[in-house]
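Examining the three-dimensional arrangement
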Amino acid sequence: MQQDICVVVPTIREYECLRAYFENARDHGFDLDRLFVLLVTEDFCDVEAMERMLAEEGVDGAVFDGSRRQAWFEERGVPAFSHLIPEASHAQTSFGLLYMWAHPRFERGVFIDDDTLPHEEWDFFGRHLANLDRTDEVESVRSDERWVNVLYQSADDNGLYPRGYPYAAMDETVETDRRQLVDVVASQGLWTNVPDLDAVRILTDGDLQGQAQTRTEKSDFEGDFVADPGQYLTVCSMNLAFERAVIPAFYQLPMDENEWDVGRFDDIWSGVFLKRAADVLGKDVLTGYPLCEHNKAPRSTFDDLNNEVPGLELNEHVWEVVDDVGGDATTWREAATAMAHALADGDFSAWTNGEFLNHCGDYWLDWLTCLSELEPAAAEDRTADATLADD
């Protein structure tokens with residue numbers, strides 16, 4: 001079968017977890033020839049060991065450390081845009097998005113974090129891809145705060161709110177209904193074991209090692225759901241599949257490597273932008289299964305807190321900035337352009353580190369220009385792929 005899925009894994013440590021995902025695929029009869037696995041790492045990591053692991057598993061892919069990423073930008077004729085990918089940041093997943101864009105054979109992408117494992121009862125890749133094709137009826141969720149807690153199905157029991165959920169939107173009133181799915185563009189799987197919480201919530205849960213005393217189990221999740229149009233939700237990229245088309249609106253932002261020291265909100269804010277664009281374009285973001293097991297390594301909760309504090313106030317408002325822009329967009333690029341300009345041109349001086357949002361908007365506009373610059377080369381690759389297929 002044609003290689004059509006790009007799996008993006010940011011990693012500096014537990015890349016061996018991918019063996020479990022490949023085993024899961026084999027156990028469920030999923031064709032691994034469809035996958036191209038892109039490991040995004042750092043110059044200080046063992047690139048050769050990562051390449052050896054892929055070779056041993058018989059899975060096609062590539063490993064890009066910082067030096068290789070810079071060389072890739074130069075080879076593609078876009079070295080002026082290498083700043084879009086921050087150093088030593090989870091937001092380096094953006095490089096995977098650029099790589100996908102430059103290779104049109106990749107119709108869909110999958111994000112996997114290196115501290116996760118698949119649940120054996122689900123065909124991990126197969127379920128995600130099937131989710132993107134679904135048109136059946138699922139539970140729809142909304143709240144009076146316009147935010148949906150992705151852990152709402154067990155929140156009455158454990159009181160958990162995920163990383164990135166605005167504090168002002170807590171204690172919401174939740175309403176559910178049923179509706180038919182329409183053009184699913186992203187499939188977000190949730191997580192057992194260590195829940196994805198921010199540092200403040202981890203501290204209030206009594207954990208100093210960056211994890212949580214309260215853990216999630218399979219029984220805490222009751223099935224797939226969507227947040228209603230006009231409602232927002234947190235999107236975590238540790239277990240996520242998406243359509244290629246969303247890439248203009250899914251930039252992971254210049255986190256960590258910035259003068260304001262804002263970090264840890266790459267997938268959260270890009271998820272807000274994704275949901276806004278999806279609502280405007282009449283698409284769905286599905287959340288629920290397949291679950292993954294999240295085995296977050298112990299680390300100081302206070303280190304995470306230091307990374308998150310510079311952006312906490314901004315996180316309360318980012319969704320408001322984009323909520324009323326781009327309403328007449330008919331494409332992902334149009335929606336992304338409107339939101340990027342709202343960030344780049346806005347006055348956010350009333351908020352701590354508000355200029356960082358202007359910085360994000362400027363980088364997002366550069367992102368869109370970079371995608372345009374990559375398109376001619378991508379067209380050449382498409383022609384080459386078609387020629388090979390004919391041969």
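Check the entry above for the structure.
Summary of the structure given here. (Residues numbered from 1 in each chain as written. Predicted model: local features only at pLDDT ≥ 70, side-chain atom pairs only at ≥ 80, totals over all residues. Heavy atoms only, no water.)

Take the state of the cysteines next. In the structure shown here, the tally under the stated rule is 0 disulfides. Cysteine C236 remains unbridged, with the sulfur of C292 as its closest cysteine sulfur at 7.6 Å. Between C360, a cysteine without a disulfide, and C370, which holds the nearest cysteine sulfur, the sulfur-to-sulfur distance is 17 Å. A residue is classified by how much of its surface remains accessible, and C360, at 1% relative accessible area, is buried. (Disulfide = S-S within 2.5 Å. Buried < 20%, exposed > 50% of the residue type's maximum accessible area, 1.4 Å probe, protein only.)

We now examine the packing of helix α1 (residues 18-27) against helix α2 (residues 47-57). The contact between α1 and α2 brings their axes to 11 Å, and the two run at 15°. On the basis of the axis angle, α1 is roughly parallel to α2. For α1 against α2, the interelement crossing comes out right-handed. Residue-level contacts link L18, R19, F22 and R26 of α1 to M53, L54, E56 and E57 of α2. (Axes fitted to C-alpha atoms, helices over the stretch in contact; angles between N-to-C directions. Helix = DSSP H or I, 4+ residues; strand = E, 2+ residues; numbered from the N terminus. Parallel < 35°, antiparallel > 145°, perpendicular 65-115°, else oblique. Left-handed = near helix turned anticlockwise from the far one by under 90°. Contact = heavy atoms within 4.5 Å.)

Moving on: the side chain of R34. For R34, the position within the fold is in the loop between α1 and β2 (35-40). R34 gets classed as buried once you look at its relative accessible area, which sits at 16%. When sequence neighbours within four positions are dropped, the list of residues in contact with R34 reads M1, Q2, Q3, D4, I5 and L129.

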